[in-house]
Amino acid sequence: MSEHVVTRIAPSPTGFMHVGTARTALFNWLYARGRGGQFLLRIEDTDRARSTPEATEAILKGMDWLGLDYDGEVVSQFARAERHAEVAHALLEKGAAYKCFSTQQDIEAFREAARAEGRSTLFQSPWRDCEPSQHPDAPYVVRLKTPQDGETVIDDQVQGRVTIRNDQLDDMVLLRSDGTPVYMLAVVVDDHDMGVTHVIRGDDHLNNAARQMGIYQAMGWPLPVYAHIPLIHGPDGKKLSKRHGALGVDEYQKMGYPAAGMRNYLARLGWSHGDDEFFTDDQAKEWFDLDGIGRSPARLDFKKLDNICGLHIAAAEDAALLQELEAFLAVTDRPGLTDAQRDAMARGMYCLKERAKSFPELLEKAQFILTDTPVVPDEKAAKALDSVSRGILAALTPQLQNASWDRNSLEAEMNGFAEAQETKFGKLAAPLRAALAGRAATPSVFDMMLVLGREESLARIAQAAGDQG
Ligand code: GLU
């Protein structure tokens, strides 16, 4: 495909990385990566009072966790302030912008008079058409000369054709009286200089687009394609807020969702491809298109997130999953794995990853590997170790000592033993789970025995048979 695509994510570093920002980043990433394009990261740190290095760090970490790799260096918007001012001066030169000497009081007075006369209170600067020779030696702001009639049409790929009458747009300030550029100017200059072809962002920026287009047009720059995506709502259909919990992507990481599952889920949050719910990154890159983005806000649905993540855990490659699990242990300040535990986890991953929707669920299944020894059964498991059961375990031990340690032999051995005891294998399972894992709910007894190996399994069974109660 020869289409030239450059997208970007341009978060403001004012706190954590919002899950909505992560979704917007993902959409931009998918769009670019699916087209052999570039995906860029710009930190919009012009608001010095609100921008913090910690918040920038949180964004970088969030991108890293989600596997959203970006091209080139991270761009700092603040560092480009001189360039933004340069463009404002170029607009002055061209006559597309002007110096406005109106003070705050002048503007207030204008508004009051407009209100009294029932006119629009949108400020109209008396300096718009003033000859420079008439300029006073006083502080000024630089304003864009917005066309006073006609309309601005945003041909939005999600919202459709959005028309705004130009008489509803005032001459926006580009440079403040101290010479610093405003955010709206910075966004346009940066997007232009970075070669951004597609601006995919939250629909809370739709109104900004009309104003930003004015700057592109005044500079004679080509417009980007716009796609303003509806914001994410909470499960109750209301705008996502603190009340709903889990606003930051770091929280999802700490809840133990795998990144691939999170990407799949976030992609489906507001975008669809037929009935496909579960897909790989490659499929998403191939399928993702602006046409598939819905016009109404998507709702967070944790059940769906769980399901999709469960499918990704089950489908993951064992070694990669173990690596991601260890990263999860680190970010949640849980103890790391010993070498022996890591080996056992690697051997057992095939059964641990079945039906686990998150890393905490996977760790719960891995309890038989992670438990301290001797195994101390929890309350429920202890009930399965009454004297009759302990007797059964004691009788089983010598049988197992001679068994070949593979699934078929172990199954045959157990079934034979159960028959000899005139019981069913099911009856053996509960005390064996208690002996091997100290839990009532575990992976299958055979899986645990195979992962633990003969020596450790027998030690645990003997321990439970002898010492408990
Ligand atoms: N910095 C803006 C935000 O965090 C995004 C601006 C844009 O995408 O144009 O919402």
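Residues numbered from 1 in each chain as written. Predicted model: local features only at pLDDT ≥ 70, side-chain atom pairs only at ≥ 80, totals over all residues. Heavy atoms only, no water.

S.K.: Got a sec to walk through the sheet that holds strand β2 (residues 38–43)? Specific residues and values, please.
M.R.: Pairing in this open sheet of three strands is parallel, and the strands run β1-β2-β3 from one edge to the other. Because the sheet does not close on itself, it has two edges, and the strands there are β1 (6–9) and β3 (75–76). When β2 meets β3, the two strands line up parallel, connected through two bridges. The residue of β3 that forms the bridge with Ile43 is Ser76. Its contacts with the sheet place helix α1 (residues 19–33) against β1 and β2, and it is angled at close to 165 degrees to β1. (Pairing = 2+ DSSP bridges. Helix = DSSP H or I, 4+ residues; strand = E, 2+ residues; numbered from the N terminus. Contact = heavy atoms within 4.5 Å. Axes fitted to C-alpha atoms, helices over the stretch in contact; angles between N-to-C directions.)

S.K.: Tell me about the packing of helix α11 (residues 318–331) against helix α12 (residues 339–352), and please be specific about residues and values.
M.R.: Relative orientation of the contacting elements α11 and α12 amounts to 130 degrees, with a least axis distance of 9 Å. Taken together, the axes of α11 and α12 are oblique relative to one another. For the element pair α11 and α12, the recorded crossing hand is right-handed. Only Arg342, Met345, Ala346, Met349 and Tyr350 of α12 make contact with α11, whose side of the interface consists of Asp318, Leu321, Leu322, Leu325 and Glu326. (Parallel < 35°, antiparallel > 145°, perpendicular 65-115°, else oblique. Left-handed = near helix turned anticlockwise from the far one by under 90°.)

S.K.: Any chance you could break down the pattern of salt bridges for me, citing the residues and the numbers?
M.R.: A full pass over the atoms with the stated rule returns 30 salt bridges. Arg165 serves as the salt-bridge partner of Asp167, at 3.2 Å between the closest nitrogen and oxygen. Assessed through its relative accessible area of 44%, Arg165 is described here as partly exposed. Among the ionic pairs, Asp170 bridges to Arg211, the shortest N-O distance being 2.7 Å. Of this pair, Asp170 sits in the loop between β7 (160–165) and β8 (173–175) while Arg211 sits in helix α6 (residues 206–219), and the two are 41 residues apart along the sequence. Arg211 sits in the partly exposed class, given a relative accessible area of 23%. Via salt bridges that share partners, Arg8, Arg42, Glu44, Arg80, Arg83, Glu86, Asp190, Asp191 and Asp193 belong to a single interconnected network. (Salt bridge = Lys/Arg side-chain N within 4 Å of Asp/Glu carboxyl O. Buried < 20%, exposed > 50% of the residue type's maximum accessible area, 1.4 Å probe, protein only.)

S.K.: Report on the packing of aromatic side chains, specifying residues and quantitative values.
M.R.: Going through the model one piece at a time under the given rule, you end up with twelve aromatic pairs. For the ring pair Phe101 and Trp127, a centre distance of 5.0 Å and an interplane angle of 65 degrees mean the geometry is edge-to-face. Of this pair, Phe101 sits in the loop between β4 (97–100) and α4 (104–116) while Trp127 sits in the loop between α4 and β5 (141–144), and the two are 26 residues apart along the sequence. Both rings, one in Trp271 and one in Phe279, keep their centres 5.9 Å apart while their planes meet at 85 degrees; by these two values the pair is edge-to-face. Accessibility assignment for this pair places Trp271 and Phe279 in one class, buried. Among the aromatic side chains, those forming a connected cluster through ring pairs are Phe27, Trp271, Phe279, Trp287 and Phe288. Sitting over the ring of Phe78, Arg48 keeps its end group 3.7 Å from the ring centre. Over the face of the ring belonging to Phe110 we find Arg119, whose NZ or CZ atom lies 5.7 Å from the ring centre. (Phe/Tyr/Trp six-rings, centres within 6.5 Å; stacked < 30°, edge-to-face > 60°. Lys NZ or Arg CZ within 6 Å of the ring centre and 35° of its normal.)

S.K.: Could you give an account of the site of the ligand, naming the residues involved and the relevant values?
M.R.: Close to the ligand lie Arg8, Ala10, Pro11, Ser12, Glu44, Tyr183, Val187, Arg201 and His205, which account for all nearby residues. Contact between the ligand and Ala10: a nitrogen atom at 2.7 Å from a main-chain N or O atom of the residue. Between the ligand and His205, the relevant distance is 2.9 Å, taken from an oxygen atom to a side-chain nitrogen or oxygen of the residue. About the coverage of the ligand: the protein hides 81% of its 300 Å² of free accessible area. Taken together, the residues of the shell around the ligand sort by class into four nonpolar, two polar and three charged. (Near = heavy atom within 4 Å. Polar contact = N/O pair within 3.5 Å; in protein donor to acceptor, adjacent residues only side chain to side chain. Areas by Shrake-Rupley, 256 points an atom, 1.4 Å probe, with all protein chains shown as cover. Nonpolar A, V, L, I, M, F, W, Y, C, P; charged D, E, K, R; others polar.)

S.K.: Could you give an account of the layout of surface pockets, with specific residues and numbers?
M.R.: It is the rolling of a water-molecule-sized probe over the atoms that shows where space remains empty. Considering only enclosed or pocket space, the largest pocket measures out at about 1,100 Å³ in volume. Along the walls of the largest pocket sit 40 residues, with Pro11, Ser12, Thr21, Asp204 and His205 positioned nearest its centre. Mapped by element, the contributors of at least two residues to the lining of the largest pocket are β1, α1, α3 (81–94), α5 (183–193) and β9 (198–202). The dominant element in the lining of the largest pocket, judged by the number of residues it contributes, is α1, at four residues. Counted by class, the lining of the largest pocket contains 16 nonpolar, 13 polar and eleven charged residues. Quantified by volume, the second largest pocket comes out at close to 300 Å³. Grouping the amino acids of the lining of the second largest pocket by side-chain chemistry returns 13 nonpolar, four polar and four charged. (1 Å grid on protein atoms, 1.4 Å probe; cavity = no way out; pocket = protein on both sides within 12 Å on 5 of 7 lines; lining within 4 Å. Points joined across faces, edges and corners; volume = space filled by probe spheres on them.)

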